[in-house]
Amino acid sequence: QVQLVESGGGLVQAGGSLRLSCVASRRAFSSYTTGWFRQVPGKEREFVAGVSWSGEVTDYADSVKGRFTISRDNAKNTAYLQMNNLKPEDTATYYCAAAGNWPIRTGDIWGQGTLVTVSS
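What you see is a predicted model, and the numbers here were worked out from it, not measured in a lab. (Residues numbered from 1 in each chain as written. Predicted model: local features only at pLDDT ≥ 70, side-chain atom pairs only at ≥ 80, totals over all residues. Heavy atoms only, no water.)

Participant: I'd like a rundown of the packing of aromatic side chains, residues and numbers included.
Facilitator: Considering all chains together, one arrives at two aromatic pairs under this definition. With centroids separated by 5.7 Å and ring planes inclined at 70 degrees, the aromatic side chains of Phe37 and Phe47 adopt a geometry described as edge-to-face. You can see Phe37 sitting in strand β4 (residues 33-39) and its partner Phe47 sitting in strand β5 (residues 46-51), a full ten residues away along the chain. Judged by its relative accessible area of 14%, Phe47 is buried. Where Phe37 meets Trp110, the ring centres are 5.0 Å apart and the plane angle is 65 degrees; that geometry is what we call edge-to-face. Residue Phe37 is found in strand β4, and its partner Trp110 is found in strand β10 (residues 109-110); the two are separated by 73 residues along the sequence. If you follow Arg19 out to its NZ or CZ, it ends over the ring of Tyr80, 4.0 Å from the centre. (Phe/Tyr/Trp six-rings, centres within 6.5 Å; stacked < 30°, edge-to-face > 60°. Helix = DSSP H or I, 4+ residues; strand = E, 2+ residues; numbered from the N terminus. Buried < 20%, exposed > 50% of the residue type's maximum accessible area, 1.4 Å probe, protein only. Lys NZ or Arg CZ within 6 Å of the ring centre and 35° of its normal.)

Participant: I'd like a rundown of the side chain of Asp90, residues and numbers included.
Facilitator: Secondary-structure assignment places Asp90 in the loop between β8 (78-83) and β9 (92-99). Here Asp90 falls in the buried class, since its relative accessible area comes to 0%. Here Lys87 takes part through its backbone nitrogen, which lies 2.8 Å from a polar atom of the side chain of Asp90. Apart from the residues lying within four places of it in its own chain, the contact partners of Asp90 are Arg38, Arg67, Phe68, Asn85, Val116 and Val118. (Polar contact = N/O pair within 3.5 Å; in protein donor to acceptor, adjacent residues only side chain to side chain. Contact = heavy atoms within 4.5 Å.)

In structure tokens, the structure reads:
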């Protein structure tokens, strides 16, 4: 089974940028749609962005449209989330997920998460 490992989280000031990466352990990664989700303690995990198997179709939560960009490179078994103009309310643990359906609204496979903290 594919395993996912996220990286790229950290502390950034409001208005700054971060790029998250999600590396899959197997080439079967291209058989899955991929999404990014985030969770704040005490709240449910929420959808952030999704990308189709080929990378041609993307989908975003309204709260991040125009600021975040999801992409994937199947040759590198990697998905990315470019986050620009970050806001304090973007602070959360971000999870990469892979699924067999589209649009992706939950995952069949999850990474361990990477923490993003945006200071005001």
